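# Examination of the molecular architecture
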Amino acid sequence: MTPTRKRRLITILLVLAGVASAAVVASFALKQNMLYYIHPSEVLAQSLPPERQFRLGGLVVNDSVQRAGDSLAVRFSVTDCSAVIPVSYDGILPDLFREGEAVIAIGSLNADGVFQANEVLAKHDENYMPPEVAETLKTAGPACAESALDR
Amino acid sequence: MNPIVRFIHQTGSPAYFYRLSGRLIPWLWAAFVPLAAWGLIQGLFFAPTDYLQKETYRIIYIHVPSAWMSMMIYAVMAILGMIGLIWRIRIAELLAISCAPIGAAFTTVALITGALWGKPTWGTYWVWDARLTSELVLLFLYLGVMGLYAAIDEPRKAARAAALLAMVGLVNLPIIHFSVEWWNTLHQGQTIKLIGKSTIDTRMLVPLLVMAVATKFFFAANLLTRARNQLLHQDRRKRWTKAVLGGEPGIGEAAS
């Protein structure tokens with residue numbers, strides 16, 4: 001390699017190193033802001049003020065979904081396996097919404113500690129399998145899969 | 001001379017590159033068409049239905065290969081740009097800049113198919129989570145590279161400026177890849193893992209991998225075609241171009 005090319009290579013490597021370290025610093029500084037949602041135990045630990053908007057993410061607790069007979073109003077609980085937050089929502093739930101699966105609810109906590117959601121999104125996981133395979137796995141699955149959260 | 005060095009020197013010659021790529025392109029298309037046809041038919045019609053997402057999941061056969069290509073093409077573009085910056089090889093500069101529109105197209109396909117997938121599964125077309133946002137930034141980087149190249153009149157200078165921008169944007173690739181691990185996102189985590197067990201049924205995985213290979217051939221064929229056109233356009237007054245296009249013997253032919 002000629003000296004000119006070596007100099008160019010070193011310049012390029014320095015630029016790359018500079019940009020990479022800037023990106024690392026920036027993403028560390030923005031770590032909290034980059035989170036799209038927070039888990040119930042983080043919500044309870046932070047004791048957020050009422051009416052403050054945020055996104056709550058977790059698993060829908062089994063057998064917690066209660067629908068009103070005459071409207072779209074629905075109540076369910078969201079958990080991260082250590083804390084539980086009740087959620088109330090009035091609207092159409094996405095197709096993939098079901099008990100034991102992850103959801104993200106957007107809204108705020110009211111004074112009674114109930115999360116009033118304006119929007120509910122279903123978070124699908126990274127598992128793809130035919131129904132017959134899912135059927136055999138289901139019998140062995142735990143009631144609250146910790147691993148199901150961070151996916 | 002070392003055969004690798006000789007190959008690099010030969011491919012660096014415009015006339016040689018023009019003829020070599022001309023011979024390769026039909027083979028690349030010949031590899032792409034059957035692979036993509038098999039992958040799509042197998043994926044869209046014969047792969048088993050997903051237990052949770054039902055038929056909606058089949059968009060992975062377009063979405064996932066496009067998203068992979070959007071990142072791979074960016075890496076290829078940045079590396080070619082770097083080679084162009086250090087060794088000032090004109091063919092490398094041309095190839096680098098020819099990557100940008102193809103990469104931008106794949107990024108757009110990944111974003112649009114993702115949005116169409118998002119509506120029925122998540123309940124929304126778009127959210128500003130880390131994965132979606134960083135992929136959108138990738139699209140803007142591609143557009144930035146194309147815009148910068150087009151804004152400078154002198155092609156060699158333009159290619160160097162664009163290469164520098166492409167290199168700086170390289171930092172976005174690990175962010176896209178690891179966004180689903182580092183931060184909570186609405187987007188799902190990695191399904192296909194190089195290390196460890198992939199969480200997808202094998203019958204669903206095979207067409208996906210075939211599509212991933214097919215898109216590589218599609219990219220290579222497109223890349224070479226674009227680079228050839230650029231080269232012919234820039235060298236339209238050169239003797240080798242006349243020799244190649246006019247059929248009369250010239251310096252391009254003499255090299256072989």
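Residues numbered from 1 in each chain as written. Chains lettered and ligands numbered in written order. Predicted model: local features only at pLDDT ≥ 70, side-chain atom pairs only at ≥ 80, totals over all residues. Heavy atoms only, no water.

Residue and element names in this part refer to chain B. Inspection of the entire model under this criterion finds two cavities of 30 Å³ or more. Estimates place the volume of the largest cavity at around 50 Å³. Around the largest cavity sit Met77, Gly81, Glu93, Ala96, Ile97, Val145, Ala159, Ala162, Ala163 and Ala166, which together line it. Of all elements in the fold, only α3 (60-87), α4 (90-121) and α6 (155-169) reach the threshold of two or more residues within the lining of the largest cavity. When residues in the lining of the largest cavity are grouped by element, the largest group, four residues, is from α6. Taken together, the residues of the lining of the largest cavity sort by class into eight nonpolar, one polar and one charged. (1 Å grid on protein atoms, 1.4 Å probe; cavity = no way out; pocket = protein on both sides within 12 Å on 5 of 7 lines; lining within 4 Å. Points joined across faces, edges and corners; volume = space filled by probe spheres on them. Helix = DSSP H or I, 4+ residues; strand = E, 2+ residues; numbered from the N terminus. Nonpolar A, V, L, I, M, F, W, Y, C, P; charged D, E, K, R; others polar.)

This paragraph deals with the interface of chain A and chain B. Buried accessible area, meaning the area lost when the parts come together, often serves as the stated size of an interface. With 42 residues of chain A at the interface, the matching set in chain B holds 42 residues. For the pair chain A and chain B, the summed buried area comes to about 3,700 Å², and 64% of that belongs to carbon and sulfur atoms. Per-residue buried area on chain A facing chain B is highest for Tyr36, His124 and Tyr128 of chain A; these three make up 20% of the total on that side. Taken together, the links from chain A to chain B amount to one salt bridge. Listing elements by their share of the side of chain A that touches chain B, those giving two or more residues are α1 (3-29), α2 (31-34), β6 (115-123) and α4 (131-138) of chain A. The leading source of residues in the side of chain A that touches chain B is α1 of chain A, at 10 residues. (Contact = heavy atoms within 4.5 Å. Buried area = accessible area lost by both parts, 1.4 Å probe. Salt bridge = Lys/Arg side-chain N within 4 Å of Asp/Glu carboxyl O.)

The next thing to look at is helix α2 (residues 14-46) of chain B. Residue and element names in this part refer to chain B. An ideal rise of 1.5 Å per residue puts 48 Å on 33 residues; α2 measures up with 46 Å between its terminal C-alpha atoms. At Leu24, α2 shows its largest kink, close to 25°, and the proline Pro26 lies no more than four residues downstream. Among all positions of α2, only Ala15, Phe17, Tyr18, Arg19, Ser21, Ile25, Leu28, Ala31, Phe32, Ala36, Gly39 and Gly43 are buried. (Expected span 1.5 Å × (residues − 1). Bend = angle between axes of the 7 residues up to and from the residue. Buried < 20%, exposed > 50% of the residue type's maximum accessible area, 1.4 Å probe, protein only.)

Here Cys81 of chain A, not a glycine, exhibits a phi torsion of approximately 80°, which is positive. Take Cys81 of chain A: its relative accessible area is 30%, and that puts it in the partly exposed class.

Counted under the stated rule, the structure contains six salt bridges over all chains. For Arg156 of chain B, the salt bridge identified is with Glu93 of chain B, shortest N-O distance 2.8 Å. Within this pair, whereas Arg156 of chain B is found in helix α6, its partner Glu93 of chain B is found in helix α4, the two being separated by 63 residues in sequence. A relative accessible area of 27% places Arg156 of chain B in the partly exposed class. Note that Arg203 of chain B is salt-bridged to Asp201 of chain B, the shortest N-O span being 3.3 Å. On the accessibility criterion, Arg203 of chain B (46% relative accessible area) is partly exposed. Taken together, the shared-partner salt bridges connect Glu132 of chain A together with Asp201 and Arg203 of chain B into one network.

A few words now on a nonpolar patch on the surface. Nonpolar side chains collect at one region of the surface, where Ile41, Leu44, Phe45 and Phe46 of chain B lie side by side and expose about 440 Å² of accessible area between them. With respect to the helices, strands and loops of the structure, Phe46 of chain B is situated in helix α2. (Patch = residues over 30% accessible without salt bridge, like charges linked within 9 Å, V, L, I, M, F, W, Y side chains within 5 Å. Areas by Shrake-Rupley, 256 points an atom, 1.4 Å probe, with all protein chains shown as cover.)

Checked against the element boundaries, Thr124 of chain B lands in the loop between α4 and α5 (130-151). Separated by 3.2 Å, the side chain of Thr124 of chain B and the backbone oxygen of Trp126 of chain B make a polar contact. Setting aside residues up to four positions removed in sequence, Thr124 of chain B forms contacts with Glu119 and Leu121 of chain A together with Ala115, Gly118, Lys119 and Leu186 of chain B. (Polar contact = N/O pair within 3.5 Å; in protein donor to acceptor, adjacent residues only side chain to side chain.)

This brings us to the confidence of the model for chain B. Residues and elements named next belong to chain B. Mean pLDDT over chain B stands at 90; residues scoring 70 or higher make up 96%. When pLDDT is averaged over each helix and strand of chain B, the minimum, 47, is found for helix α10 (residues 251-254) and the maximum, 96, for α5. Low confidence marks residues 250-256, where pLDDT is under 50. Its contacts with residues over four positions away, or in another chain, come to nine contacts. (pLDDT = per-residue confidence, 0-100.)

Further remarks concern the packing of aromatic side chains. Each pair of aromatic rings is reported with the distance of its centres and the angle of its planes. Counted according to the given criterion, the structure contains 13 aromatic pairs over all chains. Arranged with centres 5.3 Å apart and planes meeting at 70°, the rings of Tyr74 of chain B and Tyr142 of chain B form a pair that is edge-to-face. Pair noted here: Tyr74 of chain B is in helix α3 and Tyr142 of chain B is in helix α5, with a separation of 68 residues, a long-range link. The class of Tyr142 of chain B is buried, set by a relative accessible area of 0%. Considering the side-chain rings of Trp126 of chain B and Trp128 of chain B, the 5.4 Å spacing of their centres and the 80° angle between planes classify their relative orientation as edge-to-face. The class for Trp128 of chain B is exposed, based on a relative accessible area of 59%. Among the aromatic residues, ring-to-ring pairing joins Trp29, Phe32, Phe106 and Phe218 of chain B into one connected group. Lying over the aromatic face of Tyr36 of chain A, Arg55 of chain A brings its terminal NZ or CZ to 4.0 Å of the ring centre. Over the aromatic face of Tyr18 of chain B sits the side chain of Arg228 of chain B, whose NZ or CZ is 3.9 Å from the ring centroid. (Phe/Tyr/Trp six-rings, centres within 6.5 Å; stacked < 30°, edge-to-face > 60°. Lys NZ or Arg CZ within 6 Å of the ring centre and 35° of its normal.)

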